[in-house]
Structures are given as C-alpha cells and as structure tokens.
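Descriptive analysis of the structure
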Amino acid sequence: MYYASVVRVLAFLLLIVAAASIPSIFMAIAAGEDSQTFAFGTMVLCIVVVSSSVLLLTPKPDRKARPSDALGTVILWWFITPVATSLPFVLGVENDSVLSAIHEATACLTTTGQSVISVQNNEWPISLVVWRGMLHLLGGLATITVAASVLAALNLGGPGIHRTVLFTVPETSFFNAVPRVARVVSILMVISILALFSALVFMGVPAERALGDSVSALTTGLVHPQGIMRAPLDTGPSIVLGIGLLVGAMGLAIWLPLKDRKPLKAVTDPEVTLFVGLLFVFVGFAVASDLNVTEGLSWALSALSTSGGSALSAAGGVKIARFIVLARRAGQEFRQLGYRQSVLGFRFRDRELNERSVIGVWVYLIGYVLSIFLLMSGFAFLGLDFILAIRLSIGGLTNSAAVLGSYPVDLTGPAQALIIFSMILGRLEVLALIPALSLSFWRG
C-alpha cells in the first residue's frame, strides 16, 4: 500500500468531517449550549491540527494510487472517523464512557442510528441532534461513494453489483476519479432531502421534525434518538416518508435513472421490483399477525430498507442484487435439467454474468453467515444470553437499530467494542475487510 497517498487522502477527508460540524457549532452557540460549543471547538481544533500537519509534513505522492490503496483508505477511515467525531458525545451529556461515545458516533456514521448515551431529562441538545444528522449524511455519502467506486473497481462481493456509469478506473491516480462520484451522489442526496423536506412541511409537519425525518429516510437511519417514540405522522406525510425511505434504500438504482429522465427504468430495475415484491410479502405476514395494513406496511418498509436494499444505497445487510443473481442461476439450472448439453446464460442490468459471478456471490454469503456465527460466538463468550447475542450480531452487521434495540447498561466494554466492530464490518460489506487481515496488504 502506498502510504504517502493514503495518509494524505485520510487527512483531507477528516478536514471535510471537521467542516461538517459547522452547522452544529452555530446551533450550539445560538442555543447557548456552552459545553457543546467547547466540545465541537476542541474536536475541530484537534482534527485541523493533526490533518494539516499530515498534509504539510508528508511528501506528495510520486506514483499512481491503485484500487488497493483506496481500499486501505476506506478501511482506515471507518475505524478512525468514529474516534475523531466522538468528543461531543462525552461533554455536555450524562456519559463518562469514551467507548460509548465512539459507539454513538459509529452508529450514526454507519446509519445504524442506535443511541447508547443519556441526556438530562431526555432533552437532547439541538446541536447534538444536528451532529447526529450530519454524521448520518457523511456515512450515507461515504457508503454509496465507496460502493460505486472502490468496491466496483475491486469487484468485491460478486457480479459487479456496485458498478455504475459514474465510475471507470482512471489511467491516472485512482483517487482522481472518486470525487466525481462523491459530487454526483451528494447532489442527488441533497436534492432528495430538500424535496422530501418541502413535501413534509407543505403537509403540516413541523420543520424540525420534517428535516430530521427526511435525513433519516434518505440515509435509512434514525437521526433523533427519541424519534421512534414520537407520535406517528398522519397518513399523507407517512406515505411521503415511506416513498423517501424506498428511495433511500434503493439509492443509485433509482437516482441515476431519474437523473437521466428515465423513470420507467427506475421502476423496472430488478432490485426495485424485487424490493416491492418482498414488501407485499412482508405486509402479508404482518397482517396475518394481527397488524393493520398501515402498521404492516410501515414495519415491512422499515425492516427491508435497513436489513436489505440496493448495493448502491446507504442501507445495510445482504443486498437484494445477490439474491437476484442466485435466483437466476437456479432458474438456469432448472431449464438445463432436460437439455444438459444446452448453453444458457443469464443477465443482470444488461450485463452477461458468468460462473465467476455466482461464485463471488456464494463467497460473500458464506462470509456473511460466518461473520454472524463468529460475532454470536464472541458475544456468547463474553457472557451474553443467546437471544441477545443473535440480536446484537445481526443488528450490528445489518446496521439495523430496530434489531439492536437498547441493550443493558451494564454491558461490558469488550462486548460494546464488538458491537462497534460489527457495525463497521457491515458497512465494509464483510469481504472488504478480509485483505486487512493480511500483512502483505499493508506492506504492498
């Protein structure tokens, strides 16, 4: 790995993270939240000093960065950024645990949304709510950008499910092409959030809640920690929010066709159609469990958007595209039963897929299941009961706050560290972290 390029890019990315705290600083000053103003100021100062020193003291790269260098940067970013952004969750709140603060930051960046810290009278400082929202946006942007560039270039996780028209491996340094992807994704995210926010405000939703719910929907997270306990919205705003959650779960699968003014392509995308099909199935199960249709639809949409979704979205879990590939490969096998010598192929998004694609999906699924088993074993070894162990393992790996819920306050530090690791592992889509286990990857 080319460290000169990696550390400089990391330093630049952390400066962007520091800049993202500006709205929170203004809110803290306006609301008279002195402890939070101090916390944000200290955090920004530390990041700026360290990052600027790195940029000034490290030499400019003298060779091209490769996709493997970008993967190293991504892995380091996911582990460093939660630590760098955790200080506001220590000062001004009822929390003296640095590990809990890192957990809070990790949950926001991975768009899991779970909160593990307490505030006085459950009245969250407005600056911290804004900070949680900014971390959700940063995490969602990072997730989609990395998927559409780094993971696409390395073809991790199967049949090129991360590839889009936004990215081609450049002849120059690999990092030269990534900003274009980030720029397009950020513009699409901002436009979607503004459209959703405007629609909710127009329907009478208070501006503060409308903004938080819009960011939550588009990032498939939970910005306000008490958001799940608030009174449900009326039917109209709920429908709008549900559409926003669908768009957030599908990400570029919907955004890119709409950007090219091809709404029919967005509706007929294989991931979108399967998502909608699964949505009806889940609603059917919910109604059979004595929920009404509205409650069932809300539950189904929330569950699917968090634990599944498009390969190019901020949603976590096993991506729907992989199930589509396996299903089509199974269908090909059935068609060949009577004609063993026939030559059949199958396609995904206008690309012909081969056996290597299927093997890639199987490797991913095996790695995913193995990760859940190892995480469960780790939690069990730390003394947690089976139900809690499986909930934390699946909830962390799928970045699902609903599955994670609220765990006991006396949970040990090692168990909490394992949850943090599982959330980051889920955002790295399991396989991306495997190269980091090899010393040759860091020496190359």
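Below: a short report on this structure. (Residues numbered from 1 in each chain as written. Predicted model: local features only at pLDDT ≥ 70, side-chain atom pairs only at ≥ 80, totals over all residues. Heavy atoms only, no water.)

It is worth spelling out a nonpolar patch on the surface at this point. Residues Ile22, Phe26 and Ile29 make up a contiguous nonpolar surface patch of roughly 320 Å² in combined accessible area. Summarising the element assignment, Phe26 is placed in helix 2 (residues 22-30). (Patch = residues over 30% accessible without salt bridge, like charges linked within 9 Å, V, L, I, M, F, W, Y side chains within 5 Å. Areas by Shrake-Rupley, 256 points an atom, 1.4 Å probe, with all protein chains shown as cover. Salt bridge = Lys/Arg side-chain N within 4 Å of Asp/Glu carboxyl O. Helix = DSSP H or I, 4+ residues; strand = E, 2+ residues; numbered from the N terminus.)

Helix 15 (residues 355-381) packs onto helix 14 (residues 320-335) with a crossing angle of 125 degrees between their chain directions and a minimal axis gap of 10 Å. In terms of their interaxial angle, helix 14 and helix 15 are classed as oblique. Between helix 14 and helix 15 lies a crossing whose hand is left-handed. Together, Arg322, Val325, Leu326, Arg329 and Gln332 of helix 14 and Glu355, Val358, Val361, Trp362, Tyr364 and Leu365 of helix 15 make up the contact between the two elements. Looking at the contact of helix 14 with helix 15 residue by residue, the classes come out as 7 nonpolar, 1 polar and 3 charged. (Axes fitted to C-alpha atoms, helices over the stretch in contact; angles between N-to-C directions. Parallel < 35°, antiparallel > 145°, perpendicular 65-115°, else oblique. Left-handed = near helix turned anticlockwise from the far one by under 90°. Contact = heavy atoms within 4.5 Å. Nonpolar A, V, L, I, M, F, W, Y, C, P; charged D, E, K, R; others polar.)

Here we take up helix 15. Because an α-helix completes one turn every 3.6 residues, residues spaced three or four positions apart along the sequence face the same direction. With 27 residues, helix 15 should cover 39 Å at 1.5 Å per step; its first-to-last C-alpha distance of 39 Å lies within 8% of that length. Positioned one or two residues after helix 15, Gly383 has a phi angle of 100 degrees, which is positive. (Expected span 1.5 Å × (residues − 1).)

Here we come to the packing of aromatic side chains. By the definition in use, this model includes 6 aromatic pairs. Aromatic side chains Phe40 and Trp131 sit 5.6 Å apart centroid to centroid with 85 degrees between the ring planes, which places their arrangement in the edge-to-face category. Of this pair, Phe40 sits in helix 3 (residues 34-57) while Trp131 sits in helix 6 (residues 126-154), placing them 91 residues apart in sequence. Taking the relative accessible area as the measure of exposure, Trp131 reaches 0% and is therefore buried. Judged by centre distance (5.7 Å) and plane angle (40 degrees), the ring pair of Tyr364 and Tyr368 falls under tilted. One end of the pair is Tyr364 and the other is Tyr368, both in helix 15 and 4 residues apart, which spans about a single turn. One Lys or Arg, Arg322, reaches over the ring of Tyr364 and ends 3.6 Å from the middle of that ring. (Phe/Tyr/Trp six-rings, centres within 6.5 Å; stacked < 30°, edge-to-face > 60°. Buried < 20%, exposed > 50% of the residue type's maximum accessible area, 1.4 Å probe, protein only. Lys NZ or Arg CZ within 6 Å of the ring centre and 35° of its normal.)

It is worth spelling out the environment of Gly221 at this point. Tracing the chain through its elements places Gly221 in the loop between helix 8 (207-219) and helix 9 (235-250). Remark: the alpha-carbon pair of Gly221 and Lys64, spanning 157 residues in sequence, is separated by 36 Å. The contact partners of Gly221, leaving out residues within four places of it in the chain, are Thr111, His136 and Ser216.

It is worth stressing that arrangement in space is one thing and function is another; only the former is reported here.
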